[in-house]
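Notes for the structure review
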Amino acid sequence: MPTEIRCYVCNSPAQEKFIAAEAGEPISGITCPRCGEYRIFDKEPLDNIEAKGRAQRLFFSSWLREQGGILVSAELVDKTIPITPPTVHEKAVRLLRWFTSKHPAGHHFKVPGEDQINNIVRWQFEESNVEIDPSGVGWILELLGECWINDGFEYYMVFNDYAVEEMKWFFQVKDQTYRIGPIGFIQIEKERSHPDLEEMIFIAMWMNPKMNRAYNTFANAVMDAGYKPLRVDTGHPEGTIDDAIISGIRHAKGIVADFTRRRGGVYFEAGFALGLTRLVIYTCKDAKADRDELHFDVEHRPFIFWKDTNPGRLALKRKITERIEAHLGKGHQSFTETERNGYLLPEE
Ligand SMILES: [Zn+2]
């Protein structure tokens, strides 16, 4: 039976239930309207997250939501924060996608108001005596989490100022009732095809000389499909996300996300790319330790598992090329032998 709790990350009313024991320690699963689902060790209830400040705590909530079901430890919090949130435009696109997914085309729907959101956030952090029925606000917390919006003031700017007034994606029917207009639908189409993006595929993986062969396989597969491979080696500590990575993913049409050794950064990069509706190709080395470590949500994605042998890497290369071509079409980039080698790393 789930227990009613306050979410350890965002303090919303949430549910906790025992899932399994690992190495003698119980693991529980949290279901939160804002953060989605995540798991924690019983003994690590994120004591240090409050010290990160309200804004980062809420960014982490949205980030968690995009990861879908990962195991959260104090270490993950320290590695992930500070988080660079999406831009106003990207938040507005998320809002547009959210409403489009919830309501059939042409239908009218209610949107929350600025004051309503501010009251909910105060209630969420137990700062006011406002009586709020939790069953009625779950969808608003979900929207805030999904769109990386922290309070009513920000919501007003993203929704009213940007998405309604400036972009004309939404039309007001009356009061808090809106519908999506033609420009909104054009924007949704644009988000799906990304004609303005470069023919480039971002490669997210464990950056270690041991992985050079695997990297070269990914890069060759990408070039075979007619796209440029993009690798960002920032020199920052492993697992931290910086602007070069964010910008790389933003400009690429897709991403190869390799989960070998379960790098925290790869979860972020795949989640971020998914949030931008980019093609995400999930791969992982076919080794027991690596497969066992995959978090339950990514387990359900269409993974390509690869063996670290010559035939195994050849099969991997072919599958990635096929998947890119199937989803994005054949790219127009061609490479001379020298250009191709310029994208590859030395193999041991
Ligand atoms: Zn939460």
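In this text, all values refer to a predicted model and were calculated from it rather than measured experimentally.

1. Some points on the packing of helix H3 (residues 88-102) against helix H6 (residues 152-166)
- In the contact formed by H3 and H6, the axes pass within 10 Å of each other and the chain directions differ by 85°. By the angle class used here, H3 and H6 are roughly perpendicular. On H6, the residues touching Val-88, Lys-91, Ala-92, Leu-95 and Leu-96 of H3 are Met-157, Val-158, Phe-159, Tyr-162 and Ala-163.
- A breakdown of the residues in the contact of H3 with H6 according to their chemical character gives nine nonpolar, no polar and one charged.

2. What about the domain arrangement of the protein chain?
- Domain parsing of the protein chain yields domain 1 (3-80), domain 2 (88-193) and domain 3 (200-342).
- Each of domain 2 and domain 3 was reduced to a C-alpha centroid, and the two centroids are 33 Å apart.

3. With respect to the nonpolar core
- Of all hydrophobic cores here, the largest spans 81 residues; its most connected members are Ile-201, Ile-203, Ile-255 and Ala-257.
- With seven residues, helix H8 (residues 212-224) is the largest single contributor of residues to this core.
- Among all residues touching Ile-255, those that are not within four sequence positions of it are Ile-201, Phe-202, Ala-204, Ile-249, Glu-269, Ala-270, Ala-273, Arg-278 and Val-280.

4. Re the sheet that holds strand E6 (residues 109-110)
- A sheet is described by the order of its strands in space; here three strands give the open sequence E6-E8-E7, paired in antiparallel fashion. Strands with a single pairing partner mark the edges of an open sheet, and in this sheet they are E6 and strand E7 (170-174).
- Relative to strand E8 (residues 177-180), E6 is paired through two bridges, and the arrangement is antiparallel. Bridge pairing in E8 places Phe-109 opposite Tyr-178.

Analysis parameters
- Residues numbered from 1 in each chain as written.
- Predicted model: local features only at pLDDT ≥ 70, side-chain atom pairs only at ≥ 80, totals over all residues.
- Axes fitted to C-alpha atoms, helices over the stretch in contact; angles between N-to-C directions.
- Helix = DSSP H or I, 4+ residues; strand = E, 2+ residues; numbered from the N terminus.
- Parallel < 35°, antiparallel > 145°, perpendicular 65-115°, else oblique.
- Contact = placed C-beta atoms within 7 Å.
- Nonpolar A, V, L, I, M, F, W, Y, C, P; charged D, E, K, R; others polar.
- Domains from an automatic or database assignment.
- Core = buried A, V, L, I, M, F, W, Y, C linked by C-beta atoms within 7 Å.
- Buried ≥ 20, exposed ≤ 12 C-beta atoms within 10 Å, placed from the backbone.
- Pairing = 2+ DSSP bridges.

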